[in-house]
Amino acid sequence: MRTSRTVGSLITGAAAVVFSLGLTVPAEAASGWTAHMQCPKESIADGGIHGYVQGHGWGATQDLAWKAAHKNANDQMPKGYRAHHCTKKSIRKGKP
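Computed from a predicted model, the values in this text were never measured in an experiment.

### A word on the state of the cysteines
Here is step 1: A full pass over the atoms with the stated rule returns one disulfide.
Here is step 2: Sulfur-sulfur distance for the disulfide between Cys 39 and Cys 86 comes to 2.1 Å. The sign of the 115 degrees torsion about the S-S bond sets the Cys 39-Cys 86 disulfide as right-handed. Taken together, the residues span a long stretch of sequence, with Cys 39 in strand β1 (residues 33-43) and Cys 86 in the loop between β3 (81-83) and β4 (87-93) at a distance of 47 residues.

### Side note on the environment of Ile 49
Here is step 1: Tracing the backbone through its elements, the reader meets Ile 49 in strand β2 (residues 49-59).
Here is step 2: Owing to a relative accessible area of 43%, Ile 49 belongs among the partly exposed residues under this scheme.
Here is step 3: Taking the C-alpha atoms as reference, Ile 49 lies 10.0 Å from Cys 39; in sequence the two are ten residues apart.
Here is step 4: Not counting residues up to four positions away in its chain, the partners in contact with Ile 49 are Pro 40, Lys 41 and Glu 42.

### Examining the nonpolar core
Here is step 1: Trp 33, Ala 35, Met 37, Cys 39, Val 53, Ala 65, Trp 66, Ala 69, Ala 73, Met 77 and Ala 83 together form the largest nonpolar core, which totals eleven residues.
Here is step 2: Elements represented by at least two residues in this core include exactly β1 and α3 (62-75).
Here is step 3: Among all residues touching Cys 39, those that are not within four sequence positions of it are Gly 51, Tyr 52, Val 53, Ala 73, Ala 83 and Cys 86.

### Considering the pairing of β1
Here is step 1: Most of β1 sits inside the fold, with nine of its eleven residues counted as buried.
Here is step 2: Sheet topology places β1 next to β2; nine bridges connect them, and they run antiparallel. Counterpart to Pro 40 in the pairing with β2 is Tyr 52.
Here is step 3: Adjacent in sequence and paired antiparallel, β1 and β2 are bridged by five residues, among which Gly 47 carries a positive phi angle near 75 degrees.
Here is step 4: Across six bridges, the pairing between β1 and β4 is antiparallel. Its bridge partner lying in β4, Thr 34 is registered against Arg 92.
Here is step 5: With three bridges joining them, β1 and β3 adopt antiparallel strand pairing. Considered in β3, the bridge of Ser 43 is made with Tyr 81.

Each value, and the rule that gives it
- Residues numbered from 1 in each chain as written.
- Predicted model: local features only at pLDDT ≥ 70, side-chain atom pairs only at ≥ 80, totals over all residues.
- Heavy atoms only, no water.
- Disulfide = S-S within 2.5 Å.
- Helix = DSSP H or I, 4+ residues; strand = E, 2+ residues; numbered from the N terminus.
- Buried < 20%, exposed > 50% of the residue type's maximum accessible area, 1.4 Å probe, protein only.
- Contact = heavy atoms within 4.5 Å.
- Core = buried A, V, L, I, M, F, W, Y, C linked by side-chain atoms within 4.5 Å.
- Pairing = 2+ DSSP bridges.

Put into structure tokens, the structure is as follows:
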């Protein structure tokens, strides 16, 4: 009986050490990144700025999240306009 208590205590202690050192994969790291950017709506014909569009995107890495947000902004542009000189507003871990 004494042996099983000792083994159980060792396993519990080892698990506590692993968790306290952060050797596990956090749930946030697996969930990716969410990015938000603001893009001026530029007229292709005259180059004038006619408002802004908000782009939101998600990706496994920060770079992929920014690219998805930029694509989202471009997808919202009406015919004859493009997203130009977008400003990165925020990025955070996790899905939207």
